[in-house]
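Residues per chain are reported as follows:
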Amino acid sequence: MAFSSPVSPSYSSCHHLSSNFNAKGKKLPTIHKIYPFFLLQRSPFLKVDFSSQWGRRESSKFSISAAVTSKEYSLDGALENTQLPKGDCWSVHKFGGTCVGTSERIGNVADIIIADQSERKLAVVSAMSKVTDMMYDLIYKAQSRDDSYLTALDAVLEKHKLAAVDLLDGDELASFSSKLHHDINNLKAMLRAIYIAGHATESFSDFVVGHGELWSAQLLASAVRKNGVECSWMDTREVLVVNPTGSNQVDPDYLKSEERLAKWYSNNPSKTIIATGFIASTPQNIPTTLKRDGSDFSAAIMGALLKARQVTIWTDVDGVYSADPRKVSEAVILKTLSYQEAWEMSYFGANVLHPRTIVPVMQYDIPIVIKNIFNLSAPGTMICRSSGDEHEDGQKVESLVKGFATIDNVAIVNVEGTGMAGVPGTASAIFSAVKDVGANVIMISQASSEHSVCFAVPEKEVKAVADVLESRFGQALSAGRLSQIAVIPNCSILAAVGQRMASTPGVSATLFTALAKANINIRAIAQGCTEYNITVVVKREDCVRALRAVHSKFYLSRTIIAVGIVGPGLIGATLLDQLKDQTAVLKEKFNIDLRVMGITGSRTMLLSESGIDLSKWRELLSLRGEMADLSKFVHHVRGNHFIPNTVLVDCTADSHIASHYYDWLHKGIHVVTPNKKANSGPLDQYLKLRALQRQSYTHYFYEATVGAGLPIISTLRGLLETGDKILRIEGIFSGTLSYIFNNFAGSTAFSQVLKEAKEAGYTEPDPRDDLSGTDVARKVIILARESGLHLELSDIPVQSLVPEPLRDCASAEEFMQQLPQFDQQLAKQRQNAEDAREVLRYVGVVDVVNGKGTVELRRYSKEHPFAQLSGSDNIIAFTTERYATQPLIVRGPGAGAEVTAGGVFCDILRLASYLGAPS
């Protein structure tokens, strides 16, 4: 594609104009020297139009307007016959500022475009991350006569220059750099004019701000061409025509835009096009923008003009959530949304799309797909026309309520009075007054009695609304026709959205029951006759609680999970007993149906088609058990098509069982386990397992691997996911060794304390398994890997408390008999510690800063938290950037069948909440 302009191909038609003459050839006045207008150099948009009557020398008044000079297209020759193809051959992509925020990300976007197998592709791009804000800041500083606008402009130049150097080379780099510097010089001249005038018109502002998209589009097009793919870039101001309306919005002129697109394509026939987002032109060829979420709107308009197969909006989330995941951790990704559902959710603040983005594609039934550019494997969310197929393979695939959205910082205005009833025009007068102050009415509610009407507005606008209403209706208030105009501040709006809510009895009842059980009062209610949306107003302080309550009710209800228990030993048996005691409660109170479809040990297994009666599972396993076959067991538990969700709970300590996790997850089977072998095994297998987990929507929970029932893993993840940096994790991870050293005091021999611990059931049958430190080392390696360290178990130095001569004893009994011979060594260490007012503790340490871990016997002062333990408690201290001076400490029972089984049970319930309604 040949460019005659150093900036944009669309403006070459203006380059012949002399800087001393206007577009009509008339001599410009001396004032033009003050504005060395790029306006003429940068033809796409700006010609200087001195609309004052320059023919009258006595008039000194003039105005400057920025106008887009449309390109003089050459329609002769072969180009004239180039027809713009339309239809499914086109796919449209939109990449936001985050997607093209750095040179590396621009390169990734280029790879995505190239990898798209569509016959023809058009990608709409925003400005690089933060650039639009930087451009607005330039205008603000210039019109404020702040000289730092020049420094700020240099920062814009440097940002794009560095990106170009990283991405491009050779002629592409030279060409872009030339255009960039030319643009910067033009902007410098315009900003100087704004500086002198102390004011920037909307047209000038739009012109300045639009450069971010111009540069990112050119960078991306060059990056695509660098990979050997023919690619053109489009300045959409040449193509998209919009009519500005009120309320800071624009309406596309599809007919004119279609004509201009055909002309543009006849001059630039390409199968890959990079188009600028956000910017467009008015019918008078004045540059403008598409306002809020303009790039999404650009993509939707282009999709409609091309009648594309699909419009893909690339973001930094995996899709549209059923609720804000920052407020509801159990929120799930929605596979599909109808246009109406997306429209409703976006209006109520959900991070979907702006409502107007959906309008252009609806008329052609073009689906919009929301995808995560940082997680390409995630399927995303498809927004399309609702299909009649609500069930797949006989299964209900979605909840009645698709999603929940909230709007905070809202106030309710209630206009009340007996004089309103039956009086035509009252509502019109109210909302006319609200319109006059430019306030946005979010929700309206009126009872059939007409005694009152209430509506919600943003809290920042409520004072103006109340003032204008009191002024407008002052006489009615004095006469008593209106009793009050009341303002209820500090409110939030909660909306439940779902197309399947329509004509489905009980949805409202379920919603209101959930709120009632959460002790939340509803201030106002609204529902349209389409029944796609139920809106309630609650106190702002209750908003998150309300959101969680209704989400839990709809997305945790009717959740049926097929459960397979592997290893009915001490922990497995305790878990089964806990499930037995809680199953009825879960069904009745939480509508969670956990059906144990199979139990298998190493020799015998018990299978059931409808769920095992847990009140007599031991008897059934003994009488009806068959020979254990792990493959058959897994197939049976997973094979019930009426229960779409399956979880296998591994309660063993068997590395062979752990080796099957990858295959289970790959098959879509969720895994819950206290078994440490998988996460502390060979590093390559661990990384492979975690990679699969992240790429899929199958869950793998292992909270009980480190602290039994203590929230160690979840605490660590919470710190990491919220941006904290882990510096050090140190703790007493063994309940057995905690008990031993808590009681190893005074003159009591170590062997005696160990004997008492064994008799009390705190140790393994062979105490050497505890004293060797291997179990602690496995917990250390799990936490190290969770913290981002790539360590093998062999990388952890472990101080064994088993005397070397006794490591080869034939039995545990022999070991216990000979252990007293070695008491003196530990007694001496204890005495040295006591002399220093310290205690001995057996600890595991993850030193994240230095990338290592250790397991050893250490001394701590008697004032240290580690010295304050009792019994078999565990204690873990997290030292992070946020908790640098005083570590975050988790303490409690870290061993024992009851608490370990409880931790596993908690993971199962966490799985149920993540799954939401049956999928």
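Definitions and limits used
Throughout, a residue's number is its position along its own chain's written sequence, starting from 1. Note on the predicted model: pLDDT of at least 70 is required for a residue's local features to be given, and 80 or more for side-chain atom pairs to be given and counted; whole-chain, interface and lining totals, by contrast, use all residues. Remark: hydrogens and water are excluded; side-chain values derive from all non-hydrogen atoms of the structure. Under the scheme used here, helices are H or I runs from DSSP no shorter than 4 residues and strands are E runs no shorter than 2 residues, and both carry numbers assigned from the N terminus. A 1.4 Å probe rolled over the protein chains alone gives each residue an accessible area, and that area as a share of the maximum for its type sets the label: buried under 20%, exposed over 50%, partly exposed in between. Contact between two residues is taken to exist if any of their heavy atoms lie within 4.5 Å; hydrogens are not considered. Only the protein chains shown count as covering a residue, and every accessible area follows the Shrake-Rupley method with a 1.4 Å probe. At least two DSSP bridges between two strands are required for those strands to pair. Here the axes come from fitting lines to C-alpha atoms, over the contacting stretch only for helices, and the angles between their N-to-C directions go from 0 to 180 degrees. Roughly parallel here means an angle under 35 degrees, roughly antiparallel means over 145, roughly perpendicular means 65 to 115, and every remaining angle is called oblique. Three categories are distinguished: nonpolar for Ala, Val, Leu, Ile, Met, Phe, Trp, Tyr, Cys and Pro, charged for Asp, Glu, Lys and Arg, and polar for the others, with Gly belonging to the last. Classification of ring pairs uses Phe, Tyr and Trp, with its six-membered ring standing for Trp, and accepts pairs whose centres are within 6.5 Å; under 30 degrees between planes counts as stacked, over 60 as edge-to-face, and the remaining range as tilted. Within a predicted model, pLDDT stands for the predictor's per-residue confidence, ranging from 0 to 100. As used here, the term nonpolar core means buried Ala, Val, Leu, Ile, Met, Phe, Trp, Tyr and Cys residues forming a set that is joined through side-chain atoms within 4.5 Å. The source of the domain bounds is an automatic or database domain assignment. Should a side-chain nitrogen of Lys or Arg be within 4 Å of a carboxyl oxygen of Asp or Glu, the pair is scored as a salt bridge. For a helix, the expected span equals 1.5 Å multiplied by the residue count minus one. In a left-handed crossing the near helix is turned counterclockwise from the far helix by less than a right angle, and in a right-handed crossing that turn is clockwise. Counted as a polar contact is a pair of N or O atoms within 3.5 Å, where, for protein atoms, one must be capable of donating a hydrogen and the other of accepting one, and residues adjacent in sequence contribute only when both atoms are in side chains.

**So, the overall build of the protein chain**
Step number 1: Across its full length, the protein chain carries 33 helices and 32 strands.
Step number 2: Burial statistics for the protein chain: of 919 residues in total, 53% are counted as buried.
Step number 3: At a minimum sequence separation of 6, the contacts of the protein chain that also span at least 24 residues come to 72%.
Step number 4: Summed over all atoms, the accessible surface of the protein chain reaches about 40100 Å², with 49% contributed by carbon and sulfur.

**Points about the sheet that holds strand E10 (residues 336-338)**
Step number 1: Spatially, E3-E6-E2-E1-E9-E11-E12-E10 is the arrangement adopted by the 8 strands of the open sheet, whose pairing is mixed. Single-partner strands in this sheet number two, and they are strand E3 (232-234) and E10. The average angle at which neighbouring strand axes cross in this sheet is 20°, direction not considered.
Step number 2: Note: strand E9 (residues 310-315) against strand E11 (residues 368-372), 5 bridges, orientation parallel. Directly across from threonine 312, in E11, lies its bridge partner valine 369.

**Concerning the packing of helix H5 (residues 149-167) against helix H8 (residues 211-226)**
Step number 1: Between H5 and H8, whose axes approach to 10 Å, the crossing angle comes to 5°. As judged from the angle between their axes, H5 and H8 are roughly parallel. Taking contact as the criterion, the partners of Val156, His160, Ala163, Ala164 and Leu167 in H5 are, on H8, Trp215, Leu219, Ala223 and Lys226.
Step number 2: Class assignment of the residues belonging to the contact of H5 with H8 gives a composition of 7 nonpolar, 1 polar and 1 charged.

**Regarding helix H14 (residues 462-472)**
Step number 1: Here H14 has its buried residues at Val462, Val465, Ala466, Val468 and Leu469.
Step number 2: Here the buried face of H14 lies against strand E15 (403-416), helix H13 (426-436), strand E17 (452-458), helix H15 (474-479) and strand E18 (484-497).

**Concerning the pairing of E11**
Step number 1: Of all 5 residues in E11, 5 are buried, a share of seventy percent or more.
Step number 2: Side-chain alternation along E11 places Ile368, Ile370 and Asn372 on one buried face and Val369 and Lys371 on a second face that is also buried.
Step number 3: As paired strands, E11 and strand E12 (residues 381-384) are joined by 3 bridges and run antiparallel to one another. Bridging across to E12, isoleucine 368 finds its partner in isoleucine 383.

**A short note on the pairing of E17**
Step number 1: Within E17, 7 of the 7 residues are buried, which leaves the element mostly enclosed by the surrounding structure.
Step number 2: Bridge count between E15 and E17: 7 bridges; the pairing is antiparallel. Bridging from a neighbouring strand, valine 410 pairs with proline 458 of E17.
Step number 3: The pairing of strand E16 (residues 443-446) with E17 spans 4 bridges and is classified as antiparallel. By the bridge assignment for E17, glutamine 446 is matched with valine 453.

**A closer look at the packing of aromatic side chains**
Aromatic ring pairs: the centre-centre distance and the angle between the two ring planes describe each pair.
Step number 1: The tally for this structure, following the rule as stated, stands at 13 aromatic pairs.
Step number 2: Seen from their ring centres, phenylalanine 744 and phenylalanine 750 are 5.6 Å apart, and the 85° between their planes marks the pair as edge-to-face. In this structure, phenylalanine 744 and phenylalanine 750 share a single accessibility class: buried.
Step number 3: Grouped by ring-pair contacts, the aromatic residues Tyr661, Trp664, Tyr700 and Tyr702 constitute a single cluster.

**Section: the confidence of the model for the protein chain**
Step number 1: The pLDDT averaged across the protein chain works out to 85; a share of 86% of its residues lies at or above 70.
Step number 2: Every residue in residues 1-80 scores below 50 in pLDDT, and together they form 164 contacts with partners more than four places removed in sequence or on other chains.
Step number 3: This stretch, residues 387-397, has a pLDDT under 50; its non-local contacts, to residues over four places away or in other chains, come to 13 contacts.

**Section: the nonpolar core**
Step number 1: By size, the foremost hydrophobic cluster in this structure holds 67 residues, and its most contacted members are Ile729, Ile740, Phe741, Leu771, Leu783 and Phe815.
Step number 2: In terms of domain composition, this core takes at least three residues from each of domain 3 (559-707 + 907-915) and domain 4 (712-895).
Step number 3: If we ignore the near neighbours within four places in the chain, the residues touching leucine 783 are Val706, Ile712, Ile713, Leu716, Ile729, Phe733 and Val846.
Step number 4: Among the nonpolar cores identified, the runner-up in size contains 66 residues, and Trp264, Tyr265, Ala308 and Val401 belong to it.

**Focus: the sheet that holds strand E28 (residues 726-732)**
Step number 1: Spatially, the 5 strands line up as an open sheet ordered E30-E29-E28-E31-E32, and their pairing is antiparallel. Each edge of the open sheet carries a strand with a single partner, namely strand E30 (852-861) and strand E32 (888-893). Neighbour-to-neighbour, the strand axes of this sheet turn through a mean angle of 20°, independent of strand direction.
Step number 2: Against the sheet, helix H30 (residues 774-786) makes contact with E28, strand E29 (838-847) and E30, and its axis sits at roughly 40° relative to E29, the strand it touches most.

**Quick notes on the pattern of salt bridges**
Step number 1: Considering all chains together, one arrives at 35 salt bridges under this definition.
Step number 2: Of the charged contacts, one joins lysine 86 and glutamate 258 as a salt bridge, the two residues approaching to 2.1 Å between their closest N and O atoms. One end of the pair, lysine 86, is in the loop between helix H2 (77-80) and strand E1 (90-95); the other, glutamate 258, is in helix H9 (residues 254-267), and 172 residues separate them in sequence.
Step number 3: With relative accessibility at 32%, the residue lysine 86 sits in the partly exposed group.
Step number 4: Overall, the relative accessible area of 29% leaves glutamate 258 in the partly exposed class.
Step number 5: Glutamate 786 is the salt-bridge partner of arginine 690, the closest N and O atoms lying 2.8 Å from each other. Of this pair, arginine 690 sits in helix H24 (residues 683-695) while glutamate 786 is found in helix H30, placing the two residues 96 residues apart along the sequence.
Step number 6: Classification of arginine 690 as buried rests on a relative accessible area of 6%.

**So, the environment of glycine 761**
Step number 1: Inspection of the secondary structure puts glycine 761 in the loop between helix H28 (750-759) and helix H29 (768-771).
Step number 2: The spatial distance from the C-alpha of glycine 761 to the C-alpha of glycine 896 is 9.3 Å, given a sequence separation of 135 residues.

**Thoughts on unusual backbone geometry**
Step number 1: A positive phi is found at asparagine 285, a non-glycine position, where the angle reads about 65°.
Step number 2: One non-glycine residue with positive phi stands out, namely arginine 837, at about 55°.
Step number 3: Position of arginine 837 among the secondary structure elements: in the loop between helix H32 (823-835) and E29.

**Focus on helix H6 (residues 170-197)**
Step number 1: Its 28 residues place the ends of H6 41 Å apart at the C-alpha level, agreeing with the 40 Å of an ideal helix rising 1.5 Å per residue.
Step number 2: Two residues or fewer past H6, glycine 198 is found with a positive phi of approximately 70°.

**Side note on the packing of H13 against H14**
Step number 1: Direction vectors running N to C along H13 and H14 enclose 130°, while the axes themselves pass 9 Å from each other. The orientation of H13 with respect to H14, classified from their angle, is oblique. Here the hand of the crossing between H13 and H14 comes out right-handed. Contacts between H13 and H14 pair Ile430, Ser432, Ala433, Val434 and Asp436 from the former with Val465, Val468, Leu469 and Arg472 from the latter.

**Some details on the environment of alanine 546**
Step number 1: One can find alanine 546 in helix H17 (residues 543-555).
Step number 2: For the pair formed by alanine 546 and leucine 515, sequence separation is 31 residues and the distance between their alpha carbons is 6.0 Å.
Step number 3: If near-sequence neighbours (up to four positions away) are discounted, alanine 546 is found in contact with Leu494, Leu515 and Ile520.

**Here we look at the side chain of asparagine 285**
Step number 1: Along the chain, the position of asparagine 285 falls in the loop between strand E7 (279-281) and strand E8 (287-289).
Step number 2: Residue classification places asparagine 285 among the buried positions, given a relative accessible area of 14%.
Step number 3: Here arginine 260 takes part through its side chain, which lies 2.6 Å from a polar atom of the side chain of asparagine 285.

**Quick look at the environment of isoleucine 273**
Step number 1: If you trace the backbone, isoleucine 273 turns up in strand E6 (residues 272-276).
Step number 2: For isoleucine 273, a relative accessible area of 2% translates into the label buried.
Step number 3: A sequence separation of 160 residues divides isoleucine 273 from isoleucine 113, and the C-alpha atoms of the two residues are 9.8 Å apart.
Step number 4: Residue contacts for isoleucine 273: discarding those within four places in its chain leaves Trp90, Lys121, Leu122, Ala123, Ser232, Met234, Trp264 and Tyr265.

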